[in-house]
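Residues per chain are reported as follows:
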Amino acid sequence: MKKYLFLCIVALLIGASGCLDADPSSENGTVVNVQDMQQIDQALVSGPVFVSMGFASCPACKIMKPTIEEISQEYTGKATIMYIDTRENPQVARGFNVYSVPDMFVILNNDSEGYLYMASDGNITRDRDIARFIGVTDKGTLLKTLDMAIASRNNK
């Protein structure tokens, strides 16, 4: 009986401490795990889309994960926050020419010519290389870019 009780307490402590790696979409319901490009296209109908790409064992991705989750909570109803696991969905990552992770960007809209991205300087571009954030990035920089994309969509 004591052994069973001990195991239950240990299991509760591990679960409560955050040591179990939860799926971000199930944790708060706002980070969407992308399986295909259609999900991004559908999300763009309602507003800008912030995309983060990485994989579970990437150290820099682990550092950025809490920031992405915070952004998803703060921007619920304003923008869609999406995550692409580059190892589980390499075909989607290839579509964005990913060469390093974490790789993050804000898609403002799309049209017949492709995606329009919001660059950190406020310019709208079709060149994702200009609009991407690679590596550990300051939350303020990401929020500023996302805010400019929201403002741009609201002004149209």
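Provided above is the structure to which this section pertains.
The rules behind the values
Residues numbered from 1 in each chain as written. Predicted model: local features only at pLDDT ≥ 70, side-chain atom pairs only at ≥ 80, totals over all residues. Heavy atoms only, no water. Helix = DSSP H or I, 4+ residues; strand = E, 2+ residues; numbered from the N terminus. Buried < 20%, exposed > 50% of the residue type's maximum accessible area, 1.4 Å probe, protein only. Pairing = 2+ DSSP bridges. Polar contact = N/O pair within 3.5 Å; in protein donor to acceptor, adjacent residues only side chain to side chain.

Here we take up the environment of threonine 67. Structurally, the position occupied by threonine 67 is in helix H4 (residues 59–74). Residue classification places threonine 67 among the buried residues on the basis of a relative accessible area of 15%. Between the C-alpha atom of threonine 67 and that of lysine 139, which follows or precedes it by 72 residues, the distance is 6.6 Å.

With respect to burial, strand E5 (residues 114–118) is a largely interior element, 4 of its 5 residues being buried. Note: strand E4 (residues 103–111) against E5, 4 bridges, orientation antiparallel. The residue of E5 that forms the bridge with asparagine 109 is leucine 116. Connecting the antiparallel pair E4 and E5 is a turn made up of 2 residues. Where E5 lies against strand E6 (residues 124–125), 2 bridges are found, and the strand directions are antiparallel. Bridge pairing in E6 places methionine 118 opposite isoleucine 124. Hairpin connection from E5 to E6: 5 residues lie between these consecutive antiparallel strands, with glycine 122 at a positive phi of about 90°.

Let us now look at the side chain of arginine 128. Inspection of the secondary structure puts arginine 128 in helix H6 (residues 128–131). Given a relative accessible area of 6%, arginine 128 falls into the buried group. Within polar-contact distance, the side chain of arginine 128 engages the backbone oxygen of phenylalanine 96 at 2.5 Å.

By themselves, these observations are geometric and do not establish any function.
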